[in-house]
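The primary structure of each chain is shown beneath.
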Number of protein chains: 2
Amino acid sequence: MSQHKPAIILIAPQMGENIGASARAMCNFGLSELRLVNPRDGWPSDSATANAVGAFDIMSAVEVFDNTAEALKPYHTIYATTARARDMRKPVFTARQAAGDIAEKQTQGLRTAIMFGGERAGLTNEDIALSTNIINIPTNPDFSSLNLAQSVLLIANEIFQDTHDTPAVQTPTGDSAPVTHEELDEMITRLGIELNNHNFFRNPDMKPTMMNNIRTMLTRANLTEQETRTYQGIISALIGNKIK
Amino acid sequence: MSQHKPAIILIAPQMGENIGASARAMCNFGLSELRLVNPRDGWPSDSATANAVGAFDIMSAVEVFDNTAEALKPYHTIYATTARARDMRKPVFTARQAAGDIAEKQTQGLRTAIMFGGERAGLTNEDIALSTNIINIPTNPDFSSLNLAQSVLLIANEIFQDTHDTPAVQTPTGDSAPVTHEELDEMITRLGIELNNHNFFRNPDMKPTMMNNIRTMLTRANLTEQETRTYQGIISALIGNKIK
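As the structure is a prediction and not an experimental result, all values here were calculated from the model.

On to the overall build of chain A, then. For chain A, the count of helices and strands is ten helices and seven strands. On C-alpha atoms alone, chain A measures out to a radius of gyration of 29 Å, which is more than a quarter above the 18 Å that the 2.2 N^0.38 rule sets for 244 residues. Dimensions along the principal axes, computed over C-alpha positions, put chain A at roughly 85 × 45 × 40 Å. Per-residue burial for chain A yields a buried fraction of 45% across its 244 residues. Put simply, 83% of the contacts in chain A that link residues at least 6 apart link residues at least 24 apart.

This paragraph deals with the relation of the copies chain B and chain A. Each of the two copies of the chain can be brought onto the other by a rotation about an axis and a shift along it. When chain B is fitted onto chain A, the two copies agree to an RMSD of 0.1 Å after a turn of 180° and an axial shift of 0.1 Å. Look at the turn and shift together and you get a two-fold axis relating the two. Closest approach to the rotation axis among the C-alpha atoms of chain B is made by leucine 154 of chain B, whose C-alpha sits 3.4 Å away. Of the residues that chain B buries at the interface, 100% are likewise interface residues in chain A, meaning the two copies contact each other through the same surface.

All names here are of chain A. Across the five residues of strand S1 (residues 7-11), five count as buried, placing the element largely inside the fold. Residues Ala7, Ile9 and Ile11 point to one face of S1 and Ile8 and Leu10 to the other, with burial holding for every one of them. Two strands pair when backbone bridges link them, and S1 and strand S6 (residues 112-116) are joined in this way by four bridges, in the parallel orientation. Across the sheet, alanine 7 pairs through a bridge with alanine 113, a residue of S6. Relative to strand S2 (residues 34-37), S1 is paired through four bridges, and the arrangement is parallel. In the sheet register, leucine 10 faces S2, and the bridge partner there is leucine 36. A crossover connection joins S1 to the parallel S2 through helix H1 (residues 16-28); in handedness this β-α-β unit is right-handed.

Further remarks concern the sheet that holds strand S4 (residues 77-81) of chain A. Neighbouring strands of a sheet are bound in pairs by backbone hydrogen bonds; such pairs are parallel or else antiparallel. Residues and elements named next belong to chain A. The strand order across the open sheet built from seven strands is S3-S2-S1-S6-S4-S7-S5, with neighbouring strands paired in parallel fashion. Looking at strand neighbours, the two that pair on one side only are strand S3 (63-65) and strand S5 (92-93), the edges of this open sheet. Contacting S1, S4, S6 and strand S7 (133-135), helix H7 (residues 148-163) crosses the sheet at an angle of about 155° to S6.

Our focus in this paragraph is unusual backbone geometry. A cis amide bond, omega -5°, links tryptophan 43 of chain A with the succeeding residue proline 44 of chain A. Residues other than glycine seldom take positive phi values, yet alanine 12 of chain A does so here, at roughly 50°. Along the polypeptide, alanine 12 of chain A turns up in the loop between S1 and H1. Residue alanine 12 of chain A is classed as partly exposed on the basis of its relative accessible area, which comes to 37%. The phi dihedral of asparagine 222 of chain B falls on the positive side, at around 55°, and the residue is not glycine. Tracing the backbone shows asparagine 222 of chain B in the loop between helix H9 (207-220) and helix H10 (225-239).

The rules behind each value
Residues numbered from 1 in each chain as written. Chains lettered and ligands numbered in written order. Predicted model: local features only at pLDDT ≥ 70, side-chain atom pairs only at ≥ 80, totals over all residues. Heavy atoms only, no water. Helix = DSSP H or I, 4+ residues; strand = E, 2+ residues; numbered from the N terminus. Rg over C-alpha atoms; globule rule 2.2 N^0.38 Å. Buried < 20%, exposed > 50% of the residue type's maximum accessible area, 1.4 Å probe, protein only. Contact = heavy atoms within 4.5 Å. Least-squares fit on C-alpha atoms with pLDDT ≥ 70 in both. Pairing = 2+ DSSP bridges. Right-handed = clockwise from strand over helix to strand, strands pointing away. Axes fitted to C-alpha atoms, helices over the stretch in contact; angles between N-to-C directions.

Right under this line is the structure:
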């Protein structure tokens, strides 16, 4: 069964800039089906192209419609994005919950679409009545206004994260392998000897404890071979004769 | 112990527009501490103010520094945002993982900061070396370039979601309470009687099965009292005499 990624449908968007920025956000997160209903500034537009920074070149061709119902025809499940709760009896999802729901529909072979209203007033109640579910992005209640393209970005990002494995937290080692215990111990042991030679341990009773603390600090740092060699170089430099 | 939300630090941002849009994104998700290092177009700027749509009015005063180390002084844990992996041996988090890590630091009373580089080239290796951890936002590898303010938005959004309870999927009932079984059953029973009167059940043997299907469909819809009354009205209208 073929799987369809969700389409983005902008209803009566005003500024070409926002259509372009929405397309860019879609491509950032692997979406490629964009439909427009009655774009105020027409289609295509130079401002959309400029703000898409190449997104239109890798997407499906944008389709333009003159009413919402026409644009929604092929989809099984339709999500309406709204900034405020409305008294409409439909399930309300956060963007993250919607991403999970969309992924489920996708595995069932269903086509999904997410509608966004224009910059000034969002979707009309008539448009929302055509949807299956509502998406409301939780924001700071004291400063809740999201730009159109930002809303597209946040939802596309959730969809991308839901359908891509999250990489584990990684610590790159670069070109150098992690150090073996042998090499690390050699460096720490040498450091201890040189510290002793330079009267670092003023109280001999404390020496074992202090060496333990130093060993803990250097072991926790999870050094590479290269970094351990750098430490060796630091020790050599510090104990060397100063240039006169 | 007081809890500090993370600070956002923009290093050598170029366009005032992006400083303003970053501030707006911060406020959308409840962050209020913004520091700038060497903003190319100076500070304050009209373009920043225009794009912040009021965000600066509800944030702490923006602080400006002339080098990165100076701007980082008060923070315990510093995250550097990078678009591509670098050969630097530091933990690499996704935005979501970083949000979890930041929340943990916050509960420990530690101050955190997230650094973002300028529009053209991002953070320098020297700036990244000052950080504790790296944040890399996973994107479509074929179209990965995120705008500065969009990166701030995505990370601020993850922080907000991590520290706010996700509301359950909700279906608002509006002003009308869910219908009781009694009223729903009354409506469905009446519908069955009228359908019978109007010869809907051509094959009497199938009547129980068909009524069961109709009942299932109407029960699943999870109707309110008001919607059930609307159905009653629909039945009345459909069985009434047509206007001649």
